[in-house]
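Observations on the model geometry
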Amino acid sequence: MCGIVGYIGKEQAAPIVLDGLAKLEYRGYDSAGMAVFDGSEIRTRKAIGRLKILENLTRGGETMPGVSGIGHTRWASHGAPSDRNAHPHTNGTGTIAVVHNGIIENYILLKKKLQNRGYEFVSETDTEVLAHMLDYYYKGNPLEAITKVLHRVEGAYALGILFADHPEVIYAARKDSPLIVGRNESGSFIASDVPAVLKYTRTVYYMDNQEVAALRGDGICFYSLDGEMVEKESVNIDWDADAAEKAGYEHFMLKEMYEQPKTISDTLSPRLQNAGAGKVEEIVIEELNMTDEELRQVKKIHIVACGSAYHAGVTGKYVLEGLARIPVEVDLASEFRYRDPILEEGSMVIVISQSGETADTMAALRESKAKGYQVLGIVNVVGSTIAREADACLYTWAGPEIAVATTKAYSAQLVALYLLAMKFARVRGILSDEAYEALIEDLKRIPDQIEQLLAQKQTIQHFANRYLGAKDIFFIGRGIDYAISLEGSLKLKEISYIHSEAYAAGELKHGTISLIEEGTLVVALSTQPALYQKTVSNIQEVKARGAFVMAVANEGNRAIEKVSDYAVFIPETNPYFANSLAIIPLQLFAYYVAVGRGCDVDKPRNLAKSVTIE
Ligand code: M6R
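Residues numbered from 1 in each chain as written. Predicted model: local features only at pLDDT ≥ 70, side-chain atom pairs only at ≥ 80, totals over all residues. Heavy atoms only, no water.

Inspection of every chain in the model, using the stated rule, returns 38 salt bridges. Ionic pairing is found between Arg337 and Asp360, a salt bridge with its closest N-O pair at 2.6 Å. With Arg337 in the loop between helix H10 (333-336) and strand S20 (347-353) and Asp360 in helix H11 (residues 359-370), the pair connects residues that are 23 residues apart, well separated along the chain. Residue Glu401 is joined to Lys609 by a salt bridge in which the shortest nitrogen-to-oxygen separation is 2.7 Å. On the criterion of sequence distance, the pair formed by Glu401 in the loop between strand S22 (392-395) and helix H13 (408-427) and Lys609 in the segment after helix H19 (578-596) is long-range, its members being 208 residues apart. Its relative accessible area of 12% is what places Lys609 among the buried residues. Here the salt bridges do not stand alone but share partners, grouping Asp208, Glu211, Lys232 and Arg388 into one network. (Salt bridge = Lys/Arg side-chain N within 4 Å of Asp/Glu carboxyl O. Helix = DSSP H or I, 4+ residues; strand = E, 2+ residues; numbered from the N terminus. Buried < 20%, exposed > 50% of the residue type's maximum accessible area, 1.4 Å probe, protein only.)

What follows is the structure, given as structure tokens:
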């Protein structure tokens, strides 16, 4: 989604803004722009396309001198990508400049009112209404004008605002779109996300909903929409800037795939507590804030998420139901929020989100809380809205994930769900000590096993190179293998732009099998011993129609080589944990197909890292 960066202080603003915007490129965008107060007026430059174009246009910011500035990378929602629709947007006289993330839902009505008052619009965006409304309400006091405007708009916003009359201040405001502000000795910063300012400061404030900040070179004040001052605590960011750099890898996605063993250990270790000499570790999830008795009272779990986080949730359903015998429903957040879900007494809601800012997931969280249910968030970004609004938050310690296609955060989500399932099973007395100990040992082996799988990258790359021209690729599997298929297929299509679908293997013959032609690649997941024979039958069905089958199966299952054309094996683990291993060759496959096709792997077209609009 769009990115915002702003700076005010002793340094030149434009180079800092450009540098920050470059750190937010991963969020996805199609145009960029910047407004800087040059000592007498606000100067604005915008350019469709990559940020490089804006950088060249302004010679790295040199042609835009000034110590206060705001910048934006736009992901088009209202109006096509163009110079005109790019932000910042200004009032007619160019004395107020605004950058905005989010959507102003009542903008058509507001625009009509402004047009009736004689305001002329030059763009098709919803944002431009904000610039003109600020102009309308501005009578010399920017804060007053901002709060008046924000009382009248509906929807979501993160804003950076510059007034030519008050160049010593940059204003920021937020509702349902992420925004942080930060400080160092030289000045104050605003940004959509921490990596944009990490080079300059580690002291940041997470803005809350319906809050306004006034940033000066020497301090920041926060206000409510009623204009009352608000006290806020700063947060010290403890991950370093290197975590958000490529560290020699060709792409962030590859780097993040390679970080998966560490990510899993970091998510696992703090929740495994030594239970004494000779004893296997106990699972302790303090963040749950629930006693064993309260956990026993949970009668049903609703998992709600989007995209890959939803796919992790589908796996979670199989594992929670299988291990802990709790009924689980999994919903896409965009569906859940509007279907008036029936949550019975004893229901618990788990929302899963890497960014912690996904609009639909956030709405599902609020809907559940409004109905009086406890919500547990499984979230990666520390301090994000979902993490703060959930009743309890289980962090996945994956660190910053930059590539739009998630890999390490997804893997960490799986581990969080395994831990929960085992915890529930344990307190309900379902798991014998023996079975529990074996599961713990299998969990602890996952990081090393992922290393082994990553070491096979050349073989997968070689295979991937044969499919650079594929038109359609299908992923099939049953049970947990179906959940793996969903994620394998999404990884491939989102970064390689090859059409791909995932099907429950048993469902193929109800229609989809008609799409199989001579040579169509079918990736068959077969990691679940109890379902092996059934999946083999489905493999034979597609092979009989000419498919080329790549199987992903358990080590030792040599029989699969006879029914498939190419097989990849995963090391031995408990079938409940197979997803964590089987997804690795699928991530590598998607990555190498995308690289081979010359795609922009880290920033696939039309996609955004954090989807903060519906
Ligand atoms: O930040 P979230 O986990 O809430 O994001 C959910 C989806 O937008 C995300 O998983 C998306 O599907 C990714 N592009 C998948 O790689």
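Next, the rest of the story.
Considering all chains together, one arrives at 15 aromatic pairs under this definition. Each ring, one from Tyr418 and one from Phe577, has its centre 4.6 Å from the other, and the planes form 40°; the classification is tilted. Of this pair, Tyr418 sits in helix H13 while Phe577 sits in the loop between strand S27 (566-570) and H19, and the two are 159 residues apart along the sequence. With respect to class, Tyr418 is no different from Phe577; both count as buried. Within the aromatic cluster, the residues linked to one another by ring pairs are Phe463, Tyr467, Phe548, Tyr566 and Phe589. Seen from the ring of Tyr136, Arg117 lies directly overhead, with NZ or CZ sitting 4.1 Å from the centre. (Phe/Tyr/Trp six-rings, centres within 6.5 Å; stacked < 30°, edge-to-face > 60°. Lys NZ or Arg CZ within 6 Å of the ring centre and 35° of its normal.)

Bringing unusual backbone geometry into the picture now. Cis rather than trans, the peptide bond between His87 and Pro88 has omega equal to 0°. Inspection of the secondary structure puts Pro88 in the loop between strand S4 (68-74) and strand S5 (89-90). For Tyr497, which is not glycine, the phi dihedral falls at a positive 65°. Position of Tyr497 relative to the elements: it lies in the loop between helix H16 (480-496) and strand S24 (499-504).

What follows concerns the nonpolar core. Ranked by internal contacts, the top residues of the largest apolar core, which has 127 residues, are Ile301, Ile473 and Phe589. Among residues more than four places away in sequence, those in contact with Ile301 are Leu320, Ile326, Pro327, Val328, Glu329, Met348, Ile350 and Phe424. Ile96, Val98, Leu143 and Ile161 belong to the second-largest nonpolar core, a separate cluster that totals 32 residues. (Core = buried A, V, L, I, M, F, W, Y, C linked by side-chain atoms within 4.5 Å. Contact = heavy atoms within 4.5 Å.)

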